[in-house]
Amino acid sequence: FGTGGVGVTERSLNPVFEARILGTNNNDHRIIAGFADIALNGANSADTNQSANEIFFRKNQAATVWQAVTRTASGVETTTNTVIATNAYHTLRIEVDNVTPRVLFVIDGTVVATHNTALPASGTRLGWYIGNALEGAVNRATNIDYVRVWSDDPPEDSIIDSINSSDSLDGEVTSESSSSAVTC
């Protein structure tokens, strides 16, 4: 479930992914939830190397807890195991900060990992996904309560004031920003 590489974002846009999902703790079930450059209808057929570029939560085949993953096209992968079980509803959130650069992995409002290595390049196109795969004949469900994906403003202290003191402007310059969410 996701964009299949059609609706994409990139690290430079400070994307945020949030989903409330329920998996299983069965040893024949894999799940991914987050950003990646997986091809349309791509398979989630291995515990690692789902795609060249990854920023997502993962449940490996034999795992019972969520793992935070970042991976670059060069093949460098950073993983952090959490203690959060995959067989209960949890809100998984990924906040990508291109300015720092870093990725925050948040479960139920608590930061469980911060990655500042193995991040996809700033302009790499990434779709969002919640992927489900099996190793056996028994169907395993991944229940999705909601999914939200949006681009966030950069951190307040990192915004560059490009209009320092221009003599060519008269009056006040203001800007507003808003974020939108897609709920599925």
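Just above, that's the structure.
Per chain, residue numbering runs from 1 following the sequence as it is written. Confidence filtering applies because this is a predicted model: local features only for residues at pLDDT of at least 70, side-chain atom pairs given and counted only at 80 or more, and all residues used for totals across whole chains, interfaces and linings. Note: side-chain values were computed over all heavy atoms of the structure, leaving out hydrogens and water.

As a further point, take the overall build of the protein. Looking only at helices and strands, one finds 0 helices and 11 strands in the protein. Strands are runs of DSSP state E lasting at least two residues, helices are runs of H or I lasting at least four, and both sets are numbered from the N terminus onward. In sequence order, the secondary structure elements of the protein are arranged as β-β-β-β-β-β-β-β-β-β-β. By residue count, 42% of the 184 residues in the protein fall in the buried class. Long-range pairs, those at least 24 residues apart, make up 64% of the contacts in the protein with a sequence separation of at least 6. Put simply, the protein shows about 9,500 Å² of open surface, and 46% of that area lies on carbon and sulfur atoms. Per-residue accessibility, obtained with a 1.4 Å probe over protein chains only, is compared with the maximum for each type, and a residue is labelled buried under 20%, exposed over 50%, and partly exposed between these values. The contact rule is simple, with two residues in contact once any of their heavy atoms fall within 4.5 Å. Accessible areas in this description were obtained via Shrake-Rupley with a 1.4 Å probe; residue shielding takes into account the shown protein chains only.

Counting buried residues in strand S3 (residues 29-36) gives 8 out of 8 residues, a clear majority hidden from the surface. Between any two strands, pairing holds if DSSP finds at least two bridges. As defined by bridge partners, S3 adjoins strand S4 (residues 54-59) across 6 bridges and the pair is classed as antiparallel. Bridge pairing in S4 places Ala 33 opposite Phe 57.

Criterion for a salt bridge: a side-chain nitrogen of Lys or Arg within 4 Å of a carboxyl oxygen of Asp or Glu. Here the structure, examined in full by the defined rule, presents 7 salt bridges. In this structure, Arg 125 and Glu 10 form a salt bridge, with 2.4 Å as the shortest nitrogen-oxygen distance. Taken together, the positions of Arg 125 in strand S10 (residues 125-134) and Glu 10 in strand S1 (residues 9-10) put the pair 115 residues apart, joining distant regions of the chain. Residue Glu 10 is classed as buried on the basis of its relative accessible area, which comes to 13%.

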